[in-house]
Amino acid sequence: MWGAVAAPCLLPAAWLLALHAGLLAGVNITSPSALVRGTAGKAALLSVRYASASPDKPVVKWQLKRDKPVTVVQSIGTEIIGNLRPDYRDRIRVLENGSLLISPLQLADEGAYEVEVSITDDTFTGEKTINLTVDIPISKPQVLVASSTVLELSEFFTLNCSHENGTKPTYTWLKDGRPLSNDSRLLLSPDQKILTITRVLMADDDVYSCLVENPISHGRSIPVKLTVYRRSSLYIILSTGGIFLLVTLVTVCACWKPSRKPKQQAEPPPPDYTEQDEEHPKHEAETIPRSTDHDRKAPLALYILKEQDTPAPQEDSPPPAGRSPGRGARRYHRSPAPTRPPRSPPGSPVRSRTAPRLLRATGVPAIREQEEGSALEISA
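These notes cover the structure that comes with them. The structure displayed is predicted, hence computed values, not measured ones. (Residues numbered from 1 in each chain as written. Predicted model: local features only at pLDDT ≥ 70, side-chain atom pairs only at ≥ 80, totals over all residues. Heavy atoms only, no water.)

Considering the overall build of the protein
We count it as follows: Numbered from the N terminus, helices here are DSSP runs of H or I no shorter than four residues, and strands are runs of E no shorter than two. Relative accessibility thresholds used throughout: buried, under 20% of the residue-type maximum; exposed, over 50%; partly exposed, between the two (1.4 Å probe, protein chains only). Any two residues whose heavy atoms approach within 4.5 Å at even a single point are treated as in contact. Only the protein chains shown count as covering a residue, and every accessible area follows the Shrake-Rupley method with a 1.4 Å probe.
Looking only at helices and strands, one finds eight helices and 21 strands in the protein. Taken over 380 residues, the protein has a buried fraction of 27%. Put simply, of all contacts in the protein between residues at least 6 apart along the chain, 61% involve residues at least 24 apart. Summed over all atoms, the accessible surface of the protein reaches about 26500 Å², with 56% contributed by carbon and sulfur.

Focus on unusual backbone geometry
In this chain, serine 103 is followed by proline 104 through a cis amide linkage whose omega measures -5°. Among the secondary structure elements, proline 104 is positioned in the loop between strand E9 (100-102) and strand E10 (111-118). A positive phi is found at aspartate 176, a non-glycine position, where the angle reads about 55°. Relative to the assigned elements, aspartate 176 resides in the loop between strand E15 (170-175) and strand E16 (178-179). The class for aspartate 176 is partly exposed, based on a relative accessible area of 41%.

Points about the state of the cysteines
Disulfides are covalent bonds that link the sulfur atoms of two cysteine residues. Quick reminder of the rule: In this description, a disulfide is simply a cysteine sulfur pair whose atoms lie within 2.5 Å.
Applying the stated rule across the entire model yields one disulfide. In this model, cysteine 161 is linked to cysteine 210 through a disulfide, with the two sulfur atoms separated by 2.0 Å. The S-S bond linking cysteine 161 to cysteine 210 shows a torsion near 65°; that makes this disulfide right-handed. Here the residue cysteine 161 occupies a position in strand E14 (residues 156-162), and cysteine 210 occupies one in strand E19 (residues 206-214), the gap between them amounting to 49 residues. The burial state of cysteine 161 is the same as that of cysteine 210; both residues are buried.

What to know about the pattern of salt bridges
Short version of the rule: Salt bridge criterion: a side-chain nitrogen from Lys or Arg within 4 Å of a carboxyl oxygen from Asp or Glu.
Counted under the stated rule, the structure contains nine salt bridges. Glutamate 110 is the partner of lysine 168 in a salt bridge, and the nearest nitrogen-oxygen pair spans 3.3 Å. One end of the pair, lysine 168, is in the loop between E14 and E15; the other, glutamate 110, is in the loop between E9 and E10, with 58 residues separating them in the sequence. Its relative accessible area of 30% is what places glutamate 110 among the partly exposed residues. For arginine 178, the salt bridge identified is with aspartate 176, shortest N-O distance 3.7 Å. Its relative accessible area of 52% is what places arginine 178 among the exposed residues.

Thoughts on the environment of threonine 167
Going by this rule: Any pair of N or O atoms that falls within 3.5 Å is considered a polar contact. Within protein, one atom must be able to donate a hydrogen and the other to accept it, and sequence-neighbouring residues count only if both atoms are side-chain atoms.
As for its position among the elements, threonine 167 is in the loop between E14 and E15. For threonine 167, a relative accessible area of 18% translates into the label buried. Considered as a pair, threonine 167 and proline 215 are 48 residues apart in the sequence and their alpha carbons are 8.7 Å apart. At a separation of 2.9 Å, a polar atom in the side chain of threonine 167 contacts the side chain of aspartate 135.

A few points about the nonpolar core
This is how the line gets drawn: For our purposes a nonpolar core is just a set of buried Ala, Val, Leu, Ile, Met, Phe, Trp, Tyr and Cys residues, chained together by side-chain atoms within 4.5 Å.
In terms of nonpolar packing, the biggest core is built from 26 residues, with Trp62, Val72, Leu100, Tyr113 and Leu132 touching the most fellow members. Counting only elements with at least two residues in this core, the list comes to strand E3 (44-46), strand E5 (59-65), strand E6 (70-76), strand E8 (92-94), E9, E10 and strand E11 (126-135). Not counting residues up to four positions away in its chain, the partners in contact with tyrosine 113 are Leu46, Trp62, Gln63, Leu64, Val72, Tyr88, Leu100, Ile102, Lys128, Thr129, Ile130 and Leu132. Counting 18 residues, the second largest nonpolar core, distinct from the first, contains Leu186, Leu195, Tyr208 and Val212.

As for a nonpolar patch on the surface
Counted only if it meets this: Patch membership is restricted to residues that have no salt bridge and whose relative accessible area is over 30%. Joining uses 9 Å for like charges and 5 Å for the nonpolar side chains Val, Leu, Ile, Met, Phe, Trp and Tyr.
Together, Val59, Ile76 and Ile81 line one region of the surface with nonpolar side chains, adding up to about 220 Å² of accessible area. Relative to the elements of secondary structure, isoleucine 81 occurs in the loop between strand E7 (79-80) and E8. A residue is classified by how much of its surface remains accessible, and isoleucine 81, at 41% relative accessible area, is partly exposed.

Some details on the sheet that holds E3
Strand pairing in a sheet relies on backbone hydrogen bonds, with the paired strands running either antiparallel or parallel. Defined as follows: For two strands to count as paired, DSSP must find a minimum of two bridges between them. Where helices are involved, their axes are fitted lines through C-alpha atoms of the stretch in contact, as for all axes, and angles between N-to-C directions lie from 0 to 180°.
The three strands lie next to each other as E3-E9-E8, forming an open sheet whose pairing is antiparallel. Of all strands in the sheet, those with a lone pairing partner are E3 and E8, marking the two edges. Mean inter-strand twist for the sheet, computed between neighbouring axes without regard to direction, equals 20°. As defined by bridge partners, E8 adjoins E9 across three bridges and the pair is classed as antiparallel. The residue of E9 that forms the bridge with isoleucine 92 is isoleucine 102.

Right, here's the structure in full:
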């Protein structure tokens, strides 16, 4: 009974002795780095080392840990077993110490890789996990602003840090080469790519730049000078386009002319006799002087005096132009006019001999015929 009991107790001790003597071989795996940062398009080495007392070649298996592990490669020593996946062909190589070389890297290669190294089927298997990141380098960033000048107390001013290439970027804003201090007026977007300055102050007049980083690279933009102008300064108006607006306004005022309506075409003048009839009252008022008491008493004598300046028309002469034939056929007998009319009383205006001539120049035959008829009646 004791012997049966003692035998199991001796097995562990014998096993430890056999392991210490090298009858069984275990695998010890080490790695210089648990994190490898790779660049897309370049090579990445997942380096491991193993130690074993067995002279046999190890069996190496690399897997990519995901929701369902994906076998990347299996090999005995450096000889690959089986067929590789299509996305790994011509990009995978296993080295003597079990390390994995991937070249060129793709963004899809990123993840956690687990390696298993075993010598024989009846020995322990060593395991190790290495994380691989794959990134695209950051291109040169730049700060984009709508304008490099801003008016004091403006509601907001925005600066945008932009770059073309780069994965997993992180942004840091610098003012005069130093990171921005905490200020409630400085607002950052969730990704910290956009900086917004609210209620701009004169203290915000400075040089700004942005620093962009990712696991494999970093870039810094060229500084941008932000100029803040006081609202009370006249230069504000000139710097914000006031000169342009002023010049434009002056140019427009100088070139602008009020629209003029086209002049209405003057109507053709009426015939001569109509014009003479309309103008006759005016000429008569201008040429005939004021009549005196003496003139009112002897109007016929005054008319005869006026007609003496012109020779009396011949009875057989043709009627003047514009006079109807019926009127021209009439003949009137004029009474002889006195040789000299009585003089006007003192103070009365002197009559001009040109007045009757102006009156006859108007060419109003109707008035002359009426006066001739009055003279005929008086003489009768």
